[in-house]
Amino acid sequence: MGELRVENLSKSYQRKDGWNTIRTLRVFDNVSFAVREGEFVSIIGPSGCGKSTLLNLSAGLDPVTGGFVYVDGEQISGPGLDRGVVFQEFALFPWLTVIGNIEFGLKSKGIPAAERRKIAQRYTNLVGLSGFEKYHAYRLSGGMRQRVGIARALAIDPSVLLMDEPFGALDAQTRESMQKALADIWQTTKKTVLFITHDIREAVYLSDRVLVMNGRPANIALEIAINLARPRNRHDVEFQEYEQQLERAIAAPAS
Amino acid sequence: MSVSTPTEERPATRAVLEETRTGGALMAASGSLASTVVPIVAIMLLWEVAVRLSHVPPAILPPLSDIFAAIWDMAYTGTLWGDIAATLGRLVESAVTGMIIGTVIGVLMGYFRLWERALVSPMNFLLAIPGTALFPLSMIWFGLSDLAIVSILIYEVALTVMLNTWTGVKTVDLSLVRAGRAFGVSGFALFYRVLIPAALPSIITGYRQAFSRAWRILVVAEMLVSVSAGLGYRIYWAREYFNTDVVFGSLFVVGIVGLLIERVFLRTLEVMTVERWGVMRSLS
């Protein structure tokens with residue numbers, strides 16, 4: 001199981017403008033798309049287009065203005081352990097160790113301590129952090145922190161993995177090695193992934209399908225399936241053709 | 001099923017550790033001990049010699065040896081232990097009560113806007129009144145009893161802790177709250193699984209401040225409210241009989257006990273919790 005469906009999703013903010021005017025800021029209107037089971041879908045778009053907002057709504061962390069989000073056919077009404085969220089700013093709990101962070105969601109699930117430790121250990125190994133179990137987050141590098149973030153989200157065995165620009169805060173080299181690590185992890189776990197990024201190469205490297213968000217209020221301007229064999233090579237001609245195609249779509253003003 | 005290990009990313013601490021090893025732990029420790037002990041011994045010798053040579057009356061400034069004799073005497077007869085126990089008992093009783101009250105109200109103020117709006121102004125007003133100024137009132141209400149002292153201490157501790165907890169919870173990184181919610185924490189659990197641990201650096205700072213304030217007030221309080229035992233009480237009554245050596249002796253004990261609480265107890269608490277997480281802006 002693991003299907004995410006977004007139907008006619010709208011989000012707008014009310015902002016006070018002067019003393020007697022309330023301005024409604026429409027972020028996006030009537031966005032619909034679906035991520036099939038085991039599929040890796042990226043959403044790219046210029047900054048401020050609302051792609052992170054879209055992920056927050058799917059995570060149930062912000063209230064929707066209109067529309068619905070379904071996970072495996074069930075409408076969501078708030079945050080839930082059927083979705084694992086990976087945050088751009090890592091958001092690791094500084095008072096917990098690596099393994100403590102990974103266990104966090106398992107504890108919410110009410111899994112007994114011994115079992116919890118076993119599962120967390122498995123995911124610590126999966127993200128390549130064995131040996132660092134007892135470290136607190138501040139002693140880890142950015143890339144390692146996000147590995148913890150990914151393990152924490154995977155450990156609860158969610159139907160869908162929601163990733164909000166997870167490598168946006170990392171330097172270029174670390175980002176590439178993390179992309180490779182994520183591609184490997186995804187191959188092993190076969191999770192359904194919704195991935196937010198502003199990095200076109202990253203999207204082409206990782207995704208089965210890329211959605212381009214654009215316009216104001218934003219909508220899905222383009223949808224491209226990436227038909228490339230994995231593991232992918234960033235220097236392939238075909239890879240670069242996809243990149244150029246997406247670049248044009250982002251630059252073009254939405255109709 | 002392990003994925004490419006992050007060999008390029010190693011914790012930075014390792015290299016640094018190897019460099020500092022060469023100093024020799026024992027040498028460093030004995031060096032710092034000497035730099036603490038030598039000045040103290042020098043001051044003590046100076047005191048003893050100066051007083052003996054200048055013939056100041058012992059009722060004004062007793063020689064150090066008399067003071068130690070007085071402490072020895074108090075320890076031997078047992079009054080010293082009774083006084084320390086009485087003072088510490090009051091401190092612990094009121095600090096624990098005040099910390100619980102202050103933490104609970106502070107967390108509520110930090111998280112709920114309604115609590116914050118209702119309580120910020122009263123809190124700031126009360127913080128402007130020194131706890132010691134309330135003694136006449138507490139003596140009217142509770143008489144010359146332990147409660148007259150303890151109530152003031154609870155008030156002072158609770159306010160200090162409340163202030164620090166409130167600001168601590170208010171400034172908790174919102175992304176941690178979001179992460180907590182995303183990973184299945186809601187309602188009351190949000191407080192003890194996310195908000196309180198995240199705010200613990202400021203909460204513990206509050207505890208430390210509260211303890212040292214309470215300690216100061218407590219010794220004065222024992223002088224004002226005549227109770228049957230306590231370090232402040234001992235200092236005050238020794239003055240009545242011009243036992244200046246006992247006054248000085250008790251003052252030393254106050255200093256030593258206060259230092260032990262601060263350095264040993266509170267500092268350990270801090271190291272065990274906050275510094276291990278690396279979130280502490282080193283405070284002292």
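Starting from 1, residues in each chain are numbered consecutively following that chain's sequence as written. Lettering of chains starts at A and numbering of ligands starts at 1, both following the order in which they are written. Note on the predicted model: pLDDT of at least 70 is required for a residue's local features to be given, and 80 or more for side-chain atom pairs to be given and counted; whole-chain, interface and lining totals, by contrast, use all residues.

1. Description of the overall build of chain B
Strands are runs of DSSP state E lasting at least 2 residues, helices are runs of H or I lasting at least 4, and numbering of each runs from the N terminus. Across its full length, chain B carries 11 helices and zero strands. Along chain B, helices (α) and strands (β) appear in the sequence α-α-α-α-α-α-α-α-α-α-α when read from the amino end. Put plainly, a residue is buried at 20 or more neighbouring C-beta atoms within 10 Å of its own, exposed at 12 or fewer, and partly exposed in between, counting only other residues' C-beta atoms, which are placed from the backbone. Counting across all 284 residues of chain B, residues that qualify as buried make up 35%. Within chain B, counting contacts between residues at least 6 apart in sequence, those at least 24 apart form 74% of the total. By definition, residue pairs are in contact when their C-beta atoms, positioned from the backbone, come within 7 Å.

2. Side note on the overall build of chain A
Counting its secondary structure elements, chain A contains seven helices and 10 strands. All radius of gyration figures rest on C-alpha atoms, and the globule criterion is 2.2 Å times the number of residues raised to 0.38. Taken over the C-alpha trace, chain A has a radius of gyration of 19 Å; the compact-globule value for 255 residues is 18 Å, and the two agree within 12%. Structurally, chain A occupies a C-alpha span of about 55 × 50 × 35 Å along its principal axes. Counting only residues that meet the buried cut, chain A has 46% of its 255 residues in that class.

3. Some details on helix α1 (residues 51–59) of chain A
The buried fraction of α1 of chain A is high, at eight of nine residues. Following α1 of chain A by one or two positions, glycine 60 of chain A adopts a phi angle in the positive range, close to 80°.

4. What about unusual backbone geometry?
Omega for the peptide link from arginine 230 of chain A to proline 231 of chain A comes to -5°, which places this bond in the cis form. Its place among the elements puts proline 231 of chain A in the loop between β10 (218–225) and α7 (237–251). The phi dihedral of aspartate 157 of chain A falls on the positive side, at around 50°, and the residue is not glycine. Position of aspartate 157 of chain A relative to the elements: it lies in the loop between α4 (142–155) and β7 (160–164). For histidine 55 of chain B, which is not a glycine, the phi torsion comes out positive at approximately 55°.

5. Details of the pairing of strand β8 (residues 192–197) of chain A
Residue and element names in this part refer to chain A. Most of β8 sits inside the fold, with six of its six residues counted as buried. Side-chain alternation along β8 places Thr192, Leu194 and Ile196 on one buried face and Val193, Phe195 and Thr197 on a second face that is also buried. A pair of strands is treated as paired once DSSP finds two or more bridges between them. As paired strands, strand β3 (residues 40–44) and β8 are joined by five bridges and run parallel to one another. Opposite serine 42, over in β8, you have phenylalanine 195 as the bridge partner. With five bridges joining them, β7 and β8 adopt parallel strand pairing. Paired with leucine 162 across the strands is leucine 194, a residue of β8. Viewed with both strands pointing away, a crossover whose connecting path from the first strand over the helix to the second turns clockwise is right-handed. In this fold, the crossover linking β7 to β8 by way of helix α5 (residues 172–189) has right-handed handedness.

6. Some details on the confidence of the model for chain B
Residues and elements named next belong to chain B. Confidence scores labelled pLDDT are given residue by residue by the predictor and lie between 0 and 100. Mean pLDDT over chain B: 84, with 86% of residues reaching 70 or higher. Within the model, pLDDT remains below 50 along residues 7–22, and this stretch shows eight contacts once partners closer than five positions in the same chain are excluded. Per the prediction output, this complex has pTM 0.79; the corresponding ipTM is 0.89.

7. Details of the packing of helix α8 (residues 174–182) of chain B against helix α9 (residues 189–224) of chain B
Residue and element names in this part refer to chain B. To define axes, lines are fitted to C-alpha atoms, for helices over the stretch in contact only, and angles between the resulting N-to-C directions are given on a 0 to 180 degree scale. Between α8 and α9, whose axes approach to 10 Å, the crossing angle comes to 160°. The angle between α8 and α9 falls in the class roughly antiparallel. Remark: the crossing between α8 and α9 carries right-handed chirality. Listed contacts from α9 to Leu176, Val177 and Gly180 of α8 are Leu190, Arg193, Val194 and Ala198. Residues are grouped as follows: Ala, Val, Leu, Ile, Met, Phe, Trp, Tyr, Cys and Pro are nonpolar; Asp, Glu, Lys and Arg are charged; all remaining types, including Gly, are polar. Classifying every residue of the contact of α8 with α9 by side-chain character gives five nonpolar, one polar and one charged. Roughly parallel refers to an angle under 35 degrees, roughly antiparallel to one over 145, roughly perpendicular to one between 65 and 115, and oblique to any angle outside these ranges. The handedness criterion is simple: a crossing whose near helix is rotated anticlockwise from the far helix by less than a right angle is left-handed, and one whose near helix is rotated clockwise is right-handed.

8. Re the packing of helix α4 (residues 79–111) of chain B against helix α7 (residues 146–170) of chain B
Relative to each other, α4 of chain B and α7 of chain B sit at 35°, their axes nearing to 6 Å. Considering the relative orientation of α4 of chain B and α7 of chain B, their crossing is right-handed.

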